[in-house]
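Coordinates in review
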Amino acid sequence: MTAHPARLRQRCRTLLRGRHRSLAGQLFAVQIVIVAAVVAAGAVLAWLSATRRAEEAARHQATAAAVAVADAPSVLDAARGPDPSAALQPYADRVRLRTGVDFITIMDTHGIRWTHPDPAQIGRPFLGHIEGALAGGTVNETYTGTLGPSVRVVTPIRDPQGRVVGLVSAGITVESISARLRPLLLAMVGAAGAALTLGGLASYLANARLRRHTHGMGAAELGRLYEYHQATLHAVREGLLLLDRDHRVALCNDAARTLLALPDDAEGLPVDRLGLPRPLTEALLATPPRRDEVHLTAERVVVVNTSAIGGGYHGHHHHGLGTVVTLRDHTELQALTGELDSVRGFAESLRSQAHEAANRLHAMVSLIELDRTREAVDFATAELALAQELTDRVVGAVSEPVLAALLLGKAAQAAERGVDLTLTEESRLDDRVLPADLPARDLVTLLGNLIDNAVDAAIEGAAHHPGPPTVTVTARTEGGELLLRVADTGPGLDPQTARQVFHRGWSTKHRDGVPGTPGGDAGGRGLGLALVAQAARRNGGTVEVGGEGGGEGGGEGGGEGGAVFTVRLPLARHPHPRAHPHPHPHLAERTAAP
C-alpha cells in the first residue's frame, strides 16, 4: 500500500512532532539574535574604544599601503637603479594621496630616505626601528618622527631571490586619526545598520531553502526520524541498496551485505566493482526499473527490484538523485520449489503407475478366469522382476537414502516419458561416505536438475538416435571426491553454447525454433543449470560439461553424441573463499559434440 508523499510526510511530522517550530525557524531566530548581538557589540566597543580601533584601522591601512608599494615591480626596479629618489618620490606622493596615509617613506637597507613628504628630509636617516624589517618581517609601531607621533609600518622590498634590497614605511599621524574618528564612528553606525539588514535578509533566504529541504521538521523530529530510519534499515530482512546518480553505493543495510556478500568498504564503490555476477550488475546499472527479476549470486538466489529516487525515467535517461534497489532472498524458496516440482512429478508418476498396475491386474484376473493360471503367474512375476531389478540395483549401489529415493523417482518419471534411466555398473556410494555437513537439499538440486535436463535432451534427440532415449547416471567416489555424472543421448551442445549453459536464463528448450538459446526466463526456465553451478560452488566443487570424446567430461557413461555433465564435490569439506567476480570461475567447461 502506498501513500501520497505529502500525506506521508504529514504523518511522519505528526508522529515525530516535538516542538511546533521548525528547524529552519529556530535557526533563523538564532541567526537574527547573533547578528544583532554582534552588530550592537561592535557599535558599543567602537564608542568605548574609539581611539584604539581608529589606531588599529590606521595600522591596517598603513600596512596595506606599505605592502602594496613594496610588492610593486616598478619600486624594485627603481631601488636597484642609479637614482632611486628621482623615480620613487613622485610615485610615493601619488600612492600617499590615493591611499589616504600621511607619509610613505622608501629607504635603503641602512635607513637613508629615498622619498619623504618633505623633500628636505630626503637623504637623511629614517626615525624608527627597522631591524625587524631587515630580518624579513613586517613590523608596526607608534613612533614620533618628523611629522609628529604616528602609527607606522615598515616592510621589506625583496628581489626575486628573496634578498632585502630596500624598505618601505607608511604611516598615519595620531592627529589625522583623531580627525577621522567622528566620521568613522558615523560610518560604522550606518554600516552596522546595513549589516543587520543584510544579515537578516540572507538568513531568511538561507533558512527558507533549509525549510524546503527539511520539509518543515524540527531538530527533534529530524533526530527521531534518523533513529527510526537507522533502526528500520537494519531491522528489515530485505536487502536495501541506495545508489547515487553515478551508480555508486551510497548506503546498504546488513541484509544487502549478506545477500550479495559485499565487502565492509562497499559504500562509495561503483556497482561494477562489487564483484557481482554480470547479469546482476547489468540489472543494477540498467536505466529502466526492474520488477521481480530473479538473479543468482555466488551462493544465493535473489529477487531484484529497482526504482528511481527523487525523479523518474524519461526514455533511457534517469533524472533524479539515484536508484533504490531492494533484494529478497529466494534461495530457500527456490530450493523448496524445486523439491515441490520433484514431489509433484513423483505424484504424477505414481498415478500413472497405479493406472498401469490396474491394467496389469485386470489382465492377470482375466488370465485366471480363463484358467490360464501358469500364464498369469509368469506375467505377474515378469512385471515384478523388472520393477524390482531397478530398485535392487539402485539400493544396492547407492546407500545414501536421499540419492536412492531421487534416482528411483526420476527413473519412474523418465519411464513414463519413454526414457530409460540407467545406473552404471561402477556406481557405488557406501553408507556414511558423504560428509555430514553436505546438505541433502544440495544433492537433490545437483542430481535432480541434471537428470531433468538430460531427460528433456534425450526426448529431443530421440528422432536422430537409433536406440531408445537413454539417460545414464554415475554416482561414486573418486580420489577423495564425490562424482555425479549424467549423460544423455540427446543432440548434445554446441561448443560455443557450452560456455553459456551455467548462466542464468540459458535453457535447453526451444525458443523461436532454436534450441539452447538464452531465453529461459520468459518461460520460467533457465535456472536449473545455474542452480547446479551455484550448489557445486557453494560446496567447494566443480561442474564440467562435455560430450562424446569431449575429454574428461566424456567417455565413461557418455551418451552417443549427447551431453555429459559431471559434478565433483570434495568429501573433506573446507571453508571456501568468497566467489570470484566472474559469474562461474570454478567451472571447468568442456566443449560438446554437436
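Residues numbered from 1 in each chain as written. Predicted model: local features only at pLDDT ≥ 70, side-chain atom pairs only at ≥ 80, totals over all residues. Heavy atoms only, no water.

So, the overall build of the chain
Looking only at helices and strands, one finds 15 helices and 16 strands in the chain. Across the 594 residues in the chain, those meeting the buried criterion constitute 40%. Partitioning the intrachain contacts of the chain with sequence separation of at least 6 by distance along the chain shows that 60% fall at a separation of at least 24. When the accessible area of the chain is evaluated, it comes to approximately 31300 Å², of which 58% is carbon and sulfur surface. (Helix = DSSP H or I, 4+ residues; strand = E, 2+ residues; numbered from the N terminus. Buried < 20%, exposed > 50% of the residue type's maximum accessible area, 1.4 Å probe, protein only. Contact = heavy atoms within 4.5 Å. Areas by Shrake-Rupley, 256 points an atom, 1.4 Å probe, with all protein chains shown as cover.)

With respect to helix α3 (residues 50-71)
In an α-helix, one turn spans 3.6 residues, which is why side chains three or four residues apart end up on the same side. A rise of 1.5 Å per residue sets the reference length of α3, with its 22 residues, at 32 Å; its end C-alpha atoms lie 31 Å apart and thus fit the reference within 8%. Looking at α3, one finds that the buried residues are A50, A54, A58, R59, A62, A65, A66, V69 and A70. An end-on view of α3 places all buried positions within 165° of arc, on one side of the element. When the buried face of α3 is taken as reference, the exposed residues oriented beyond 90 degrees from it are R52, H60 and D71. (Expected span 1.5 Å × (residues − 1). Arc of directions from axis to C-beta.)

Description of the pairing of strand β5 (residues 239-244)
Pairing between β5 and strand β11 (residues 322-329): six bridges, direction antiparallel. The residue of β11 that forms the bridge with L241 is V325. Two elements, β5 and strand β6 (residues 249-252), share three bridges in a ladder whose sense is antiparallel. If you follow L241 over to β6, its bridge partner there is C252. Connecting β5 to the antiparallel partner β6 that follows it, the hairpin turn spans four residues, and H247 within it adopts a positive phi of roughly 60°. (Pairing = 2+ DSSP bridges.)

Details of the sheet that holds strand β2 (residues 139-145)
In space, the four strands of this open sheet follow the order β1-β4-β3-β2, with antiparallel pairing throughout. Looking along the sheet, the strands with just one partner apiece sit at the ends: β1 (103-107) and β2. Between one strand and the next, the sheet's axes are offset by a mean angle of 30°, whatever the strand orientation. Inspection of the sheet shows β1 paired to strand β4 (residues 164-173) by five bridges, in the antiparallel sense. By the bridge assignment for β4, I106 is matched with V168. Lying over the sheet, α3 contacts β1, β2, β3 (148-158) and β4, oriented at roughly 30° with respect to β3. (Axes fitted to C-alpha atoms, helices over the stretch in contact; angles between N-to-C directions.)

Examining the packing of helix α13 (residues 401-416) against helix α14 (residues 440-460)
Relative orientation of the contacting elements α13 and α14 amounts to 20°, with a least axis distance of 10 Å. One element, α13, and the other, α14, form an angle in the roughly parallel class. As for the relative orientation of α13 and α14, their crossing is right-handed in sense. Facing α13, whose interface residues are V402, L403, L406, L407, K410 and A414, α14 presents A440, L443, V444, L447, G448, I451, D452 and V455. (Parallel < 35°, antiparallel > 145°, perpendicular 65-115°, else oblique. Left-handed = near helix turned anticlockwise from the far one by under 90°.)

A word on the sheet that holds β6
Here five strands make up an open sheet; going across it, the order is β6-β5-β11-β8-β7 and the pairing antiparallel. Each edge of the open sheet is held by one strand with a lone partner, namely β6 and β7 (293-296). For this sheet the average axis-to-axis angle between neighbouring strands, irrespective of direction, equals 30°. As judged from the eight bridges shared by strand β8 (residues 301-309) and β11, these two strands associate in the antiparallel manner. From the neighbouring strand, V303 faces β11, where its bridge partner is R328. Contacting β5, β7, β8 and β11, helix α10 (residues 278-285) runs over the sheet at an angle of about 140° to β7.

Considerations on unusual backbone geometry
In this model, H247 sits at a positive phi of 60°, which is unusual for a non-glycine residue. Among the structural elements, H247 can be located in the loop between β5 and β6. The phi angle at A261 is positive, at roughly 50°, despite the residue not being glycine. With respect to the helices and strands, A261 occurs in the loop between α9 (254-260) and α10.

A few points about a nonpolar patch on the surface
A contiguous nonpolar patch, built from V30, I34 and V38 and spanning about 270 Å² of accessible area, is present on the exposed surface. As for its position among the elements, V30 is in helix α2 (residues 23-48). Looking at V30, the relative accessible area reads 45%, which means it is partly exposed. (Patch = residues over 30% accessible without salt bridge, like charges linked within 9 Å, V, L, I, M, F, W, Y side chains within 5 Å. Salt bridge = Lys/Arg side-chain N within 4 Å of Asp/Glu carboxyl O.)

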